[in-house]
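Summary of structural features
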Amino acid sequence: MWNEAAQTLPVDHLRELQVQRLRALVALVYERVPFYRKRLDEAGVRPENVTSLADLATLPFTSKYDMREVFPFGLFACDASEIVEVHMSSGTTGKPVVGGYTRNDLSIWGEVMARTLDAGGVGAEDIIQVAYGYGLFTGGLGGHYGGTTLGAMTLPMSSGNTFRQLNTMADFGTTTLLCTPSYAQFIAEYAAEHDIDVANGPLRAGFFGAEPWSEAMRADIEAKLGIKAYDIYGLTELIGPGVAGECSEQDGLHIFEDHFYPEIIDPDTGEVLPSGEKGELVLTTLTRTGTPVLRYRTRDITYLMDEPCPCGRTSRRIHRLMGRNDDMLIVRGVNVFPQQVEEVLLRVEGVEPYYQIVVDRDGAMDTLEVEVEMAADLFSDEVKQILSLERKIEHELKLALGIQATVKLVNPKTIERSEGKAKRIVDRRSVPTGV
Ligand code: DLL
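Rules behind the numbers
Residues numbered from 1 in each chain as written. Predicted model: local features only at pLDDT ≥ 70, side-chain atom pairs only at ≥ 80, totals over all residues. Heavy atoms only, no water. Helix = DSSP H or I, 4+ residues; strand = E, 2+ residues; numbered from the N terminus. Rg over C-alpha atoms; globule rule 2.2 N^0.38 Å. Buried < 20%, exposed > 50% of the residue type's maximum accessible area, 1.4 Å probe, protein only. Contact = heavy atoms within 4.5 Å. Areas by Shrake-Rupley, 256 points an atom, 1.4 Å probe, with all protein chains shown as cover. Lys, Arg positive; Asp, Glu negative; His and termini not counted. Charge placed at Lys NZ, Arg CZ, Asp CG, Glu CD. Pairing = 2+ DSSP bridges. Axes fitted to C-alpha atoms, helices over the stretch in contact; angles between N-to-C directions. Parallel < 35°, antiparallel > 145°, perpendicular 65-115°, else oblique. Nonpolar A, V, L, I, M, F, W, Y, C, P; charged D, E, K, R; others polar.

**Thoughts on the overall build of the chain**
When helices and strands are counted, the chain shows 12 helices and 20 strands. Computed over its C-alpha atoms, the radius of gyration of the chain comes to 22 Å, within 12% of the 22 Å expected for a compact globule of 435 residues. Taken along its principal axes, the extent of the C-alpha atoms in the chain is 75 × 55 × 40 Å. Within the chain, the proportion of its 435 residues that are buried is 55%. Partitioning the intrachain contacts of the chain with sequence separation of at least 6 by distance along the chain shows that 66% fall at a separation of at least 24. Taken as a whole, the chain presents about 18200 Å² of accessible surface, with 52% of it coming from carbon and sulfur. Taken together, the 43 basic and 64 acidic charged side chains of the chain have centroids lying 4 Å from each other.

Structure below.
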């Protein structure tokens, strides 16, 4: 196991280490970041008051909005001259969030991403194709640093140009693929269309994340590409990918807890919830020196699993991400997560895993329409059959969501393919009621 000593630290030692690191973090941000000093003063907390992990609950949260307010460099805890790299979220809904990395932070990133790949059985002998986007997005370079830290042959492909991705895979004998799950699906589709047999080739592992995906989608990708597909999680505000990843058990994502401290809170009250209870994930960086973050509200919904894992890692796990507070659609008062829809669609024969959820309003009434591509063989079938499949999916959706949705089967290849994060939701209501 990569850095086995750190990953199998007895839990009480791990907690001691976390307390020490938390204390150093609070002292650092109090001294160096005016934004945090003000927040801590307002909360009446002095760094010396923080002596245990329980004291974390007395510290203020940080939100995406806070980060935007101090855009671009207001969260740096060091001189700008010590920052060697910067990443940024896409910022589709406002100013982007900026992360600054010192050399220390880059080496932590390489370390946690090396652990992520190693947890899926990848090592120095592997050939890793990084098909996450390179650039300000953290996926490409995060994967890259993990590969080079491990000592693996790392191919900085970036996303897109699928023909070239498949050619390179064949020419080099790529064993490991890193990209978004939706792009993995597209690569599989493209390969099938061009009679390229990936499933029987050397590719054996994939590390997919950056967007929500379901267990059913995992099964689909594993079957089509002939690999084990691991779920990996992270976010720009914390470091990028490398916050948590699955081990060979594929049962929850181990959080690299010596670097990132997890809490689950009730999103409405902010109260910390016990392990096993579902809520919003809050993360604190324990070792970053560029842009350290106190209690970042991720908006991601999951729960903590603290039962020991057979793999021997002593870190807690988070359950596969279950949605986001702000991705949750409220349709006619009912909470709908896109993953619930995806689970249903992937169970049904006769449709492809490409879909879009369209929410609109008809008078006072919310409408929910799911557009999904029909399989090529169904395309030539009679209208009657298509209609009957639509009714069948509507029935399944009703059972899963508790509300009526309209299903529209659309022609093959009409829903836009994604090379990065897929856009699955179109909310046309003038005042969206999603939180
Ligand atoms: O997406 C970092 C990343 C890159 C993670 C590559 C994994 C692989 P952001 O662009 O800042 O960073 O987006 C972070 O993406 O808060 C989640 O809502 C979502 N997300 C990331 N990983 C997963 C996952 C990168 N495995 C936001 N499952 C997060 C579900 C995920 N959602």
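Here the narrative resumes.
**A closer look at the sheet that holds strand β10 (residues 260-265)**
On the basis of which strands lie adjacent, the open sheet formed by three strands has the order β10-β11-β12 and antiparallel pairing. The two strands at the open ends of the sheet, each matched to only one other strand, are β10 and β12 (296-302). Taking each pair of neighbouring strands and ignoring which way they run, the sheet shows an average axis angle of 35°. Pairing analysis gives six bridges linking β10 to strand β11 (residues 279-285), with the strands arranged antiparallel. Bridge assignment links I265 to a residue of β11, and that residue is E280.

**Section: the pairing of β10**
Of all six residues in β10, six are buried, a share of seventy percent or more. On β10, burial covers both faces: F260, P262 and I264 on one face and Y261, E263 and I265 on the other are all buried.

**Focus: the packing of helix α7 (residues 162-172) against helix α8 (residues 181-193)**
Contact pair α7 / α8: the axes reach a minimum separation of 10 Å and the direction vectors enclose 80°. Judged by the angle between their axes, α7 and α8 are roughly perpendicular. Contact residues: T162, F163, Q165 and L166 in α7; Y183, F186, I187, Y190 and A191 in α8. Grouping the amino acids of the contact of α7 with α8 by side-chain chemistry returns seven nonpolar, two polar and no charged.

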